[in-house]
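Report on the structure
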Amino acid sequence: MTIAETPDPNVTPFRSDLAADFLKGEVEADRFVEGVRHQAVRGIVPLRASPDESAFQTSELLYGEIFTVFEERDGWAWGQGESDGYVGYAQSYGLTAEPGEPTHQVGALRAFLYPEPHFKTPPLKALSLGARVRVVERAKGYSRVAPEGWIPDVALTALDVRAEDHVATAMRFLGVPYLWGGRSSLGIDCSGLIQVALAQAGIAAPRDTYLQVDSVGELVGRTGDVAMKRGDIVFFPGHVGFMVDGETLIHANVAAMAVSLDPVERVAARTLAQDGAGVTAVRRLVR
């Protein structure tokens, strides 16, 4: 990348007044700073397009994820997520500047964090699939997560555990409400579903559809004429989903306002009518 080119602001931490120090010579900015690693300490930390609670949500940080902060002002932190490089504004109270090294991840679709190792105590917060925690103690079938509470052991898995069938992971989200910018079991969008399901299989994927279409798996076709099979990633204008079999797509979508199963031909017909194109790419994972 050269200064003459315009980098993607969604995944490049730069503004005209401020940029990450590793971008010196690549972008123009008034000043460059070294970021400070922070960690999400709320179940979900929204990322927004601007430092305003009414601004569009662009993505989310899950509990335990790292967010490198380049500026903190008026209760907002501007930075970049470590897992997918996504850039945005997060409210500072959802972050800590003293990140802990995770030992486990949440393997349940959603699990409560309790103040004591007992399910009858009022929960402190809900953690979604893929949240990362640091276990410091175990008792009575629960793990104490530093620094604040207890989670049932059955909700946790080791960091290196893989759910190889990414379609099966996506199916766990059936019925979860559609949420623009969502990445959790409380609300998720189409590219978020792809990213989260692939992450459980140990496959890193970018955050947005326009980035996934050129980077995840191998291209096997650019129309719906391809013989699709389970696990294929099917792209439409601004939309994406997984094939459950040769005919059925699982996707987070606005038509159902939820994660749903639909015939891929019906989805293609809808996007053709709305956006002028049906299937635009089919990609397949090669392992």
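First things first, this report covers the structure right here in the doc. Note that the structure is predicted; figures quoted are calculated from it, not measured.

Another aspect to go through is helix 4 (residues 264-275). Along its twelve residues, helix 4 runs 16 Å from first to last C-alpha, staying within 8% of the 16 Å computed at 1.5 Å per residue. For helix 4, the elements touching its buried residues are strand 21 (233-236), strand 22 (239-243), strand 23 (248-253) and strand 24 (258-263). Note on helix 4: the residue one or two positions beyond its end, Gly276, has a positive phi of about 85 degrees.

Attention now goes to the side chain of Gln80. For Gln80, the location among the structural elements is in strand 7 (residues 76-81). Here the side chain of Gln80 touches Val11 through a polar contact of 3.1 Å, landing on its backbone oxygen. A polar side-chain atom of Gln80 sits 2.9 Å from the main-chain carbonyl oxygen of Gly85. In contact with Gln80, other than residues within four places in its own chain, are Val11, Pro13, Phe22, Ile66, Phe67, Thr68, Phe70, Gly85, Tyr86 and Val87.

A few words now on the packing of aromatic side chains. For the structure on display, the rule yields three aromatic pairs. Look at Phe70 and Trp78: their rings are 5.9 Å apart centre to centre, the planes differ by 55 degrees, and that puts the pair in the tilted class. Residues Phe70 and Trp78 agree in their burial class; the two are buried. Geometrically, the ring pair formed by Phe112 and Tyr114 is edge-to-face, given 6.3 Å between the ring centres and 65 degrees between the ring planes. A network of ring pairs unites the aromatic residues Phe112, Tyr114 and Tyr142 as a single cluster.

Our next topic: the pairing of strand 3 (residues 36-40). As paired elements, strand 3 and strand 6 (residues 66-73) share four bridges and run antiparallel to each other. When the bridges of strand 6 are listed, Arg37 appears paired with Thr68. Both strand 3 and strand 9 (residues 95-96) contribute to a ladder of two bridges, which runs antiparallel. Among the inter-strand pairings, Ala40 is bridged to a residue of strand 9, identified as Leu95.

Next up on the list: the sheet that holds strand 14 (residues 135-139). The sheet built from three strands is open, its strands ordered 14-15-16 with antiparallel pairing. This sheet does not close on itself; its edge strands, each paired only once, are strand 14 and strand 16 (149-152). Within this sheet the neighbouring strands show an average axis-to-axis angle of 30 degrees, counted without direction. Here strand 15 (residues 142-145) runs beside strand 16; their pairing, made up of four bridges, is antiparallel. Its bridge partner being in strand 16, Ser143 is matched across the sheet by Ile151.

Another point: the pattern of salt bridges. Applying the stated rule across the entire model yields twelve salt bridges. Salt-bridge contacts for Asp17 lead to Arg15; the nearest nitrogen and oxygen are separated by 3.0 Å. Among the ionic pairs, Arg183 bridges to Glu65, the shortest N-O distance being 2.9 Å. Taken together, the positions of Arg183 in strand 18 (residues 183-184) and Glu65 in the loop between strand 5 (57-62) and strand 6 put the pair 118 residues apart, joining distant regions of the chain. Like Glu65, Arg183 is buried. Put simply, Arg15, Asp17, Glu71 and Arg73 are held in one network by salt bridges that share partners.

What follows concerns the nonpolar core. One finds Phe173, Ile188, Leu198, Ile233, Phe242 and Val259 to be the most contacted residues of the largest nonpolar core, which totals 26 residues. Residue assignment for this core shows that the elements contributing at least two residues are helix 1 (166-171), helix 2 (190-200), strand 21, strand 22 and strand 23. Broken down by element, the residue count for this core peaks at six residues, all from helix 2. Apart from the residues within four sequence positions on either side, Ile233 is in contact with Ile194, Leu198, Val216, Val240, Gly241, Phe242, Ala281, Val282, Arg283 and Leu285. Core analysis: the second largest hydrophobic core is formed by 13 residues, Ala131, Val135, Val145 and Ala155 among them.

This part takes up helix 2. Side chains of residues three or four places apart in an α-helix project in the same direction, reflecting 3.6 residues per turn. Of all the eleven residues making up helix 2, ten are buried; the element is thus mostly covered by neighbouring parts of the structure. Looking only at helix 2, the buried set comprises Cys190, Ser191, Gly192, Leu193, Ile194, Gln195, Val196, Ala197, Leu198 and Gln200. Of the residues flanking the end of helix 2, it is Gly202, one or two places downstream, whose phi is positive at about 80 degrees.

About the criteria used
Residues numbered from 1 in each chain as written. Predicted model: local features only at pLDDT ≥ 70, side-chain atom pairs only at ≥ 80, totals over all residues. Heavy atoms only, no water. Helix = DSSP H or I, 4+ residues; strand = E, 2+ residues; numbered from the N terminus. Expected span 1.5 Å × (residues − 1). Contact = heavy atoms within 4.5 Å. Polar contact = N/O pair within 3.5 Å; in protein donor to acceptor, adjacent residues only side chain to side chain. Phe/Tyr/Trp six-rings, centres within 6.5 Å; stacked < 30°, edge-to-face > 60°. Buried < 20%, exposed > 50% of the residue type's maximum accessible area, 1.4 Å probe, protein only. Pairing = 2+ DSSP bridges. Axes fitted to C-alpha atoms, helices over the stretch in contact; angles between N-to-C directions. Salt bridge = Lys/Arg side-chain N within 4 Å of Asp/Glu carboxyl O. Core = buried A, V, L, I, M, F, W, Y, C linked by side-chain atoms within 4.5 Å.

In short, geometric facts, not functional conclusions.
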